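Given next are the chains, with one letter for each unit.
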Amino acid sequence: MALTFQRLHPHFAAEAGDIDLRRVSDRGMLEAIRAAMDAYRVLVFRAQQFSDQEQIAFARRFDGELHAKTGSAALGANRFGDEALTDISNVAADGNIMAREDRKRQYALGNRLWHTDASFQDPPGRYSMLHARVVPAVRADTEFADMCAAYDALDDAMRAGLEGLRVHHSITYSRQTLGFEFSPEEQALLKGAIHPLVRVNPRSGRRSLYLASHASRIIDWPVPEGRLLLRDLTEHATQPQFVYRHAWRVGDLVIWDNRATMHRGRPFDDARERRELRRVTTLDLDAPPAA
Ligand code: OGA
Ligand code: MN
């Protein structure tokens, strides 16, 4: 199987040629995918026939340890009984589409804010691998923003000013901006984490903005001023020229680098249209020390 990539956007994102990732296990091929992740940050693999276990096994082969401390795990166990397999769906444990008021649905709607996966944990997420199992007839897309191109587009003075800044990321913060309320017990499980505002890919040396709706404040700065800078940077980084919009087909596996992209789900009629995807995210174990 040869590995080919077709660019999907002027700055980032590419679609891989015909390849069955269930059969990819040799070091050379896995290394080639990793090199493509460094180059493109978002990769689309069509027509993957993963079972849950095959998806988990590929993620392990590709990048090692899996992230399991999801925000939703603090609200209750998922329907798969394995928190490394994140349920990105609008389906309840009984198999029906979630009721409008379902608390898990209200929580999951937060994925429509620009974010990176698991930036509210330490270690944070590195690669997320999202596999489409059931896709509605209506558009229910995911958008990705290229945080390398956004960083490169800042002027020299701004880039220099960001160097060394540290940011607190909290999922309770991002959900609370939507008015979602957590119990004290849930809040105790979700304390957040501190990460640099500028991330450097240790392999390519490429810098990127590390932002998310979870980013609540800049450490050592007054809160309003830090929040304003985070908002301005997010507005800059999510301009249309930095965004790729993915229209899902059943079988798509999209891998993104959480260190160098943000993403968000786009609205659709999720109280009627069934949509089921499964995500596995690896741990960014060589992330720079937080505090
Ligand atoms: C995710 C996510 C958005 C979507 O899987 O991490 O944020 O469109 N998904 O479902
Ligand atoms: Mn996400």
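Up top you'll find the structure we're talking about.
Since the structure is predicted, the reported quantities are computational estimates derived from the model, not experimental observations.

(A) Looking closely at the pattern of salt bridges. The full count for this structure, using the stated rule, is 33 salt bridges. Between Asp 117 and Arg 279 there is a salt bridge; the shortest N-O distance is 3.4 Å. In this pair, Asp 117 is assigned in the loop between helix H3 (103-108) and strand S5 (125-134) and Arg 279 in strand S15 (residues 276-283), connecting sequence segments 162 residues apart. Of the two residues, Asp 117 and Arg 279, both sit in the buried class. Taken together, the shared-partner salt bridges in this structure form one network comprising Asp 52, Arg 79, Asp 87, Arg 133, Arg 274, Glu 276 and Arg 278.

(B) Quick peek at the coordination of the manganese ion (ligand 2). Looking at the metal site, the manganese ion (ligand 2) is ligated by His 115 (NE2), Asp 117 (OD) and His 263 (NE2), spaced 2.1 to 2.2 Å from it. For the manganese ion (ligand 2), all donor residues lie on one chain, and their spacing in sequence is H-x1-D-x145-H. Looking at His 115, the relative accessible area reads 4%, which means it is buried.

(C) Here's a closer look at the packing of aromatic side chains. Under the criterion given, the structure shown has 9 aromatic pairs. Both rings, one in Phe 62 and one in Tyr 127, keep their centres 5.2 Å apart while their planes meet at 25°; by these two values the pair is stacked. Highlighted residues: Phe 62 in helix H2 (residues 52-63) and Tyr 127 in strand S5, separated in sequence by 65 residues. One exposure class covers both Phe 62 and Tyr 127, and it is buried. A ring pair is formed by Tyr 107 and Phe 180, whose centres lie 5.7 Å apart and whose planes are at 70°; its orientation type is edge-to-face. Taken together, the positions of Tyr 107 in helix H3 and Phe 180 in the loop between helix H6 (171-176) and helix H7 (184-189) put the pair 73 residues apart, joining distant regions of the chain. Judged by its relative accessible area of 7%, Tyr 107 falls in the buried class.

(D) Fine view of the side chain of His 236. Mapped onto the fold, His 236 is located in helix H8 (residues 223-237). When its relative accessible area of 16% is taken as the criterion, His 236 is described as buried. Apart from the residues lying within four places of it in its own chain, the contact partners of His 236 are Ala 150, Ala 153, Leu 154 and Phe 242.

(E) Structural view of H2. Between its first and last C-alpha atoms H2 spans 17 Å; for 12 residues at 1.5 Å apiece the expected length is 16 Å, and the two agree. Buried residues along H2 sit in contact with helix H1 (27-40), S5, strand S13 (253-257) and S15. Gly 64 sits one or two residues past H2 and shows a positive phi near 90°.

(F) Spotlight on the sheet that holds strand S1 (residues 5-7). If you trace the 7 strands from one edge of the open sheet to the other, you get S1-S2-S3-S13-S5-S15-S4, paired in mixed fashion. Unpaired on one side and paired on the other, S1 and strand S4 (86-89) mark the two borders of the sheet. Recorded for the sheet is a direction-independent mean angle of 25° between the axes of neighbouring strands. Across 2 bridges, the pairing between strand S2 (residues 14-16) and strand S3 (residues 42-45) is parallel. The partner of Glu 15 across the bridge, within S3, is Val 44. Along the sheet, H1 makes contact with S1, S2, S3, S5 and S13, crossing S3 at roughly 130°. Contacts between H2 and the sheet are confined to S5, S13 and S15, with S5 contributing the most and set at about 155° to the helix.

Quick notes on the rules
Residues numbered from 1 in each chain as written. Chains lettered and ligands numbered in written order. Predicted model: local features only at pLDDT ≥ 70, side-chain atom pairs only at ≥ 80, totals over all residues. Heavy atoms only, no water. Salt bridge = Lys/Arg side-chain N within 4 Å of Asp/Glu carboxyl O. Helix = DSSP H or I, 4+ residues; strand = E, 2+ residues; numbered from the N terminus. Buried < 20%, exposed > 50% of the residue type's maximum accessible area, 1.4 Å probe, protein only. Donors = N, O, S within 2.8 Å, 3.2 Å for Na, K, Ca; no water. Phe/Tyr/Trp six-rings, centres within 6.5 Å; stacked < 30°, edge-to-face > 60°. Contact = heavy atoms within 4.5 Å. Expected span 1.5 Å × (residues − 1). Pairing = 2+ DSSP bridges. Axes fitted to C-alpha atoms, helices over the stretch in contact; angles between N-to-C directions.

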